[in-house]
Amino acid sequence: MKQKIALLGSTGSIGEQTLDVVRRHGDRFEATVLTAGKRWQRLAEQAREFEPDAVVIADERYYGDLCAALADRPVKVYAGADAIEQIVRGGSVDTVVNALVGYAGMMPSLAAVETGKKLALANKESLVIAGRQIIETASRTGAPILPVDSEHSAIFQSLVGERTPARRLILTASGGPFRTTPREKLAGMTAREALRHPNWSMGAKITVDSSTMVNKGFEVIEAHWLFGMPADRIDVLVHPQSVVHSMVEFDDGAVKAQLGTPDMRLPIQYALTFPERFTYGGERLDLARMATLTFEEPDREKFPALEIAYDCLRRGGTAPCTMNAANEVAVAAFLEGRIGYCDIVRLIERALEQAAFVAEPTVADYQACDAEVRRMTAAMIR
Ligand code: NAD
Ligand code: MG
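Summarised in this report is the structure supplied together with it. All of these numbers come straight from a predicted model, not from anything done at the bench.

## Focus on the side chain of Asn123
Alright, step 1. For Asn123, the location among the structural elements is in the loop between β6 (118-121) and α6 (124-141).
Alright, step 2. Taking the relative accessible area as the measure of exposure, Asn123 reaches 0% and is therefore buried.
Alright, step 3. Among the polar contacts listed, one links the side chain of Asn123 to the backbone oxygen of Gly102, at a separation of 3.0 Å.
Alright, step 4. Excluding residues that lie within four positions of it along the chain, Asn123 makes contacts with Asn98, Leu100, Val101, Gly102, Gly105 and Met106.

Put into structure tokens, the structure is as follows:
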């Protein structure tokens, strides 16, 4: 029996790399659902190649175009955010790969764990916003959550076979494109410069998040929920070569790590094959050629977003949801050249000061918080 995969966000960076894995192991995997935001032409091409049962285009304006492009195929075509959620809940899916970006991933993650499906999770924003609901629901239904994010995959792999809880998690960070940029020069950085990541080729939003270290802050929150670790036992260590993907320290002083080339297809594939490992055709790690691996403390003054994320994790409630919503609006504005680089973190700080705080939020509270903070941040930008 092939593993039936619903791939949410199939036209994105993680989405396309997931399809590479499916292509390589076509005898084991089958993409039965593909979804995209706006890029209907690419989605139609993918549907012709992978012959899924259904495709969903989130932006309803492209429904007609997509239907026309696939009129000669037996595939069902749907549109809208609700359709993504419904299809996740549907029957002919074993595994949901959530490769959506941002808040849009939250409801589909919840739908996957509510219906007991395996969730291969790239969309870290789901856990940042609604970590408690997602983890509690998954433990109630028995839905496995397999991390796709490389750091969390490394931690997960380091924990396999251990019976004693870990003492500390050490998330590695590349430091992004501005690691060596003097602090006073940050304000003048453009979108083009922020999009030049040294090691990983990723979607635009996460690349900007990596440059501000919002991404690493979100990964601290993600690690907290995935591994049940309190904030003060999650560390961040800058490692510019991105070879050690993260580490776990145990009570006896042993430290385990997972190493590899910076290639997301490896953690994607592992999330799909765990507890097995399949062959992998990509480049292999050659440490002799690397020669040196270096490590340093993150510069918390230059990159305040990291500490802001720790604060949001400690405050709990809707604080991380507020941070995420302000960041999404700010990053979009920065990419469009409407605000400066340092305004991203400034807008996050102001949103956290001004937004209403709910200590024990429901999913409806997250929806209200996200909408309120988006409005507030957009108004501040104007
Ligand atoms: P991306 O922008 O390349 O792709 C996002 C996908 O989601 C696209 O298919 C897009 O069409 C779809 N989409 C966007 N907005 C949508 C909406 N409102 N409704 C429905 N669909 C929508 O992003 P990415 O780099 O592939 O990242 C995806 C997720 O994986 C993010 O949460 C990111 O943080 C995480 N992640 C990515 C990488 C990476 O290497 N790219 C690594 C680790 C984690
Ligand atoms: Mg990561």
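## Focus on the coordination of the magnesium ion (ligand 2)
Tetrahedral coordination by four donors puts the ideal angle at the metal at 109.5 degrees, and octahedral coordination by six puts it at 90 or 180 degrees.
Alright, step 1. The coordination sphere of the magnesium ion (ligand 2), as far as protein atoms go, consists of Asp149 (OD), Glu151 (OE) and Glu219 (OE), spread over 2.1 to 2.2 Å.
Alright, step 2. Summarised as a motif, the one-chain spacing of the donors to the magnesium ion (ligand 2) is D-x1-E-x67-E. Placement of the pair is Glu151 in helix α7 (residues 150-159) and Glu219 in helix α10 (residues 214-227), with a sequence separation of 68 residues. Glu219 carries the same exposure label as Glu151, and that label is buried.

## Let's talk about the environment of Ile84
Alright, step 1. Relative to the elements of secondary structure, Ile84 occurs in helix α4 (residues 81-89).
Alright, step 2. On the accessibility criterion, Ile84 (6% relative accessible area) is buried.
Alright, step 3. When the C-alpha positions of Ile84 and Ala111 are compared, they lie 9.6 Å apart, and in sequence the two are 27 residues distant.
Alright, step 4. Every residue in contact with Ile84, bar those within four places of it in the chain, is listed here: Leu8, Thr35, Val56, Ala58 and Pro108.

Parameters and conventions
- The residue numbers shown here count from 1 along each chain, following its written sequence.
- All chains are assigned letters beginning at A, and all ligands numbers beginning at 1, according to the order in which they are written.
- Thresholds applied to this predicted model are a pLDDT of at least 70 for local features of residues and 80 or more for the giving and counting of side-chain atom pairs; totals over whole chains, interfaces and linings are not thresholded and use all residues.
- The side-chain figures draw on all heavy atoms in the structure; neither hydrogens nor water molecules are used.
- Labels follow the DSSP assignment, with helices taken as runs of H or I lasting at least four residues and strands as runs of E lasting at least two, numbered in each case from the N terminus.
- The buried label goes to any residue with under 20% of its type's maximum accessible area, the exposed label to any with over 50%, and the partly exposed label to all in between, with areas taken from a 1.4 Å probe on protein chains only.
- Polar contact criterion, stated in full: a pair of N or O atoms within 3.5 Å, where within protein one must be able to donate a hydrogen and the other to accept it, and residues adjacent in sequence count only if both atoms are side-chain atoms.
- When checking whether two residues touch, look at their non-hydrogen atoms; a contact exists if any pair is within 4.5 Å.
- Each metal's donors are the N, O and S atoms found within 2.8 Å of it, except that Na, K and Ca use a 3.2 Å limit; water is left out, so coordination can look incomplete.

Note that every value here comes from positions in space, so none of it alone points to a role or purpose.
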